[in-house]
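Next come the chains, spelled out residue by residue.
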Amino acid sequence: MNKTMAVRGGSGNILQPKVGTRPQDNLYLAVNSEWLEKTKIPSDRSRIASFDGIDLAIEKNLMKDFADFADGKKDLPAVPNFEKAVEFYKLARDFDKRNREGAEPIKEDLATINNLRDFDDFVLMAADLEKIADLPFSYYVDADMKNTKVNVLHFGGPSTFLPDTTTYKTEAASKLLDVLKKQSVKLLTMAGFDEADAEEKADLAIKYDGKIAKIVKSSEEWADYPAMYNPMKMADFEAKFTDFKIDYFLKNIFGKVPDRIINTEPRLLDHVNELINKDNFEEIKAWMLVGFINGNASYLSQEFREAAFPFSQALSGQPELSNGEKQAYHLANGAFSEVVGVYYGQKYFGEEAKKDVLDMIHRMLDVYEKRINENNWLSDATKKKAIVKLRALILKVGYPDKIEEIYNRLQVTPASQGGSLYSNERAAAIEREKYMIEKLQKPVDRTVWLMPGNLVNACYDPQRNDLTFPAAILQAPFYDLKQTRAQNFGGIGTVIAHEVSHAFDNNGAQFDELGNMVNWWTDADYAEFKKRTQAEIDLFNGIQYGPVKLNGKQIVSENIADQGGLTAAVEAAKDEGDDMKELFENFARIWANKQLEASIKTQVSVDVHAPGPERANVQSQCQDEFYKAFDVKEGDGMWLAPEKRVHIW
């Protein structure tokens, strides 16, 4: 489960644009209606937003760069391992080869799964199968929440076919699963299965996935990040399994099995024997086959890519599959993300901008410290602890100075030496897992970046207590040296303070300056914080957004961060005498977004962020300075009674 707390989430716009809307009635539409009327969603995307507009420009530039490097029109840059990314791109772009090969690259691994004879066979081979396909449980190595200097083994659950466990309870579930079934049958028959056998496998797989969905956590449950921390002695953990020999599996994976494990999915572990047993073997096998063929079809021919598109299309509403050149770039970028991010940062990110953004970050930290000191509901003891945490924040801006060791280990076997796109992707996945397992015997590396330089996003990591601002987000409308200071405060300023606020949201507030999960609050202060957190939940809970209602509990951490981020930016701009109208207008501008309805349904079911229009409007409604700037009065559309406005940070 991704613990990173980021600024960007999926969001949709179903408000009808109306040029001439007053900001007093709807700030979002007043700022964005003209953009909403003119902007079209690209045919190979399910939305277009301020984030995506930047991403499209980055995509265009890097696609051209990769094509030029692959064709020998440009010399390779002096970025470690970049030549591997280009070689991977060449494999992905070679559709003549991919089309000739068809299903051939996956047949051996597909047969390994399909040839399983019984449950005992599955248990015996599980450690090898895990390198090919998903199992009905998962594991990973990450920092110990209560001692972030060391890494520890974590137990988790599998992903479900539908986006979230709650999706199975909607009217759309049966239609979506029917699309998945038809797609899976087609893919399996294309790979050589008899159609009747493929039909049976698809039915069994969907049946088993339904069992998983009744047990594993929902997105709302995952939003409570500290609830993941349930340490167990390994002996007690292993004793929970009666059918599957988990001790044998772990010994095959790790050699020396650690003496403790963090159970992130308590309900799954309590029901693990109902899920993984001899009676369910055929369903487990079918579930693995269906997951494998759907998960790897995109590495094969164009025919396979097209056959694997309907389910994704049903979830997102995306009209068309992206073209092969674009897919090649994205696959190379995904496999060598940090390498590509360093290249992007070095070529497209200026030192002057970095210096100015760092200055703004420090300005926001100063504002935050001032606001904590002047806070009227915290005790002095809690204030002191909060400021210690604030000043301990590690700043990562632009791109890393060094590339993580894993990229030195990844190798690309070119087509001339028998390599296929799938074989290289599989080899890379195996090497990444090996690298992850080795971390169990090593201290936590706090210098690792969680986002590459070419990603339009930003994040806070509670276990490292660090802030990451990739180079890609440091441009208009978020940031531009040519924008006014007020506009930059409304853009990147709110993003910076948003990420700072994650250190003090409902999850981050439970971690100290070293990233350890400890209570640094007085009882009275934390009780008041929980009261204000509930007010933030209530503020958004049940808002009707097109075809769905928002879940206030699921999105509360990001809403707390939005609230704190905008408040700090407003304070900073106010201290400098900046134009508040410009600040609020650019805050609304960064959340400009158009999204297809199917995508909205999927996104809202899993995302921990509120939709863009609600982020722009509801958070502005809670700012007293907004009412002064636009002379908002009772009866105006943006009016929110003072007692309903939420103030936390």
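Look up: the structure comes first, before these words.
Keep in mind the model is a prediction, meaning the values are calculated, not measured.

Rules used in this analysis
Residues numbered from 1 in each chain as written. Predicted model: local features only at pLDDT ≥ 70, side-chain atom pairs only at ≥ 80, totals over all residues. Heavy atoms only, no water. Helix = DSSP H or I, 4+ residues; strand = E, 2+ residues; numbered from the N terminus. Rg over C-alpha atoms; globule rule 2.2 N^0.38 Å. Buried < 20%, exposed > 50% of the residue type's maximum accessible area, 1.4 Å probe, protein only. Contact = heavy atoms within 4.5 Å. Areas by Shrake-Rupley, 256 points an atom, 1.4 Å probe, with all protein chains shown as cover. Lys, Arg positive; Asp, Glu negative; His and termini not counted. Charge placed at Lys NZ, Arg CZ, Asp CG, Glu CD. Pairing = 2+ DSSP bridges. Axes fitted to C-alpha atoms, helices over the stretch in contact; angles between N-to-C directions.

Chemist: Could you clarify how one ought to interpret the overall build of the chain in this entry?
Modeler: Along its length, the chain carries 29 helices and 12 strands. Expected size for 649 residues packed as a compact globule is a radius of gyration near 26 Å; at 25 Å, the chain falls within 12% of this value. Expressed as lengths along the three principal axes of its C-alpha atoms, the size of the chain is roughly 70 × 60 × 50 Å. Relative to its full complement of 649 residues, the chain shows a buried share of 59%. Taking contacts inside the chain between residues at least 6 apart in sequence as the whole, the part at least 24 apart equals 76%. For the chain, the exposed surface amounts to about 26500 Å²; the carbon and sulfur share of it is 48%. Across the chain, 82 positive and 102 negative side-chain charges occur, with their mean positions spaced 1 Å apart.

Chemist: Any chance you could explain the sheet that holds strand E4 (residues 147–156) here in plain terms?
Modeler: Whenever strands of a sheet pair, they do so through backbone hydrogen bonds, lying parallel or antiparallel. Sheet architecture is open: 4 strands sit in the order E3-E4-E6-E5, paired in mixed fashion. A strand with exactly one partner marks an edge of an open sheet, and here the two such strands are strand E3 (138–144) and strand E5 (231–233). Going across the sheet, the axis of each strand differs from the next one's by a mean of 40°, ignoring polarity. Of the pairings in the sheet, the one linking E5 to strand E6 (residues 260–263) comprises 3 bridges and is antiparallel in character. Bridge pairing in E6 links Pro 231 to Ile 262. Across the sheet, helix H11 (residues 246–254) is in contact with E3 and E4; its angle to E3 comes to roughly 60°.

Chemist: Explanation requested: the pairing of E4 in the structure shown.
Modeler: Look at any regular strand and the pattern is simple: side chains alternate between the two faces of the sheet. With 7 of its 10 residues buried, E4 lies for the most part within the structure. As paired elements, E3 and E4 share 7 bridges and run antiparallel to each other. Within E4, the position partnered with Tyr 140 by the bridge is His 154. What sits between E3 and E4 in their antiparallel hairpin is a turn of 2 residues.

Chemist: When you look at unusual backbone geometry in this model, what are you seeing that I'm missing?
Modeler: Of all residues except glycine, most have a negative phi; of all peptide bonds, most are trans. Backbone torsion omega between Ala 476 and Pro 477 reads 5°, so that peptide bond is classified as cis. Looking at the element boundaries, Pro 477 is found in the loop between strand E9 (466–470) and helix H23 (485–502). Located in the positive-phi region is Asn 81, a residue other than glycine, with phi close to 70°. Along the chain, the position of Asn 81 falls in the loop between helix H2 (50–70) and helix H3 (82–93). Judged by its relative accessible area of 8%, Asn 81 falls in the buried class. Even without glycine at this site, Asn 465 takes up a positive phi of about 50°.

In short, the description is geometric, and any link to function would need to be established separately.
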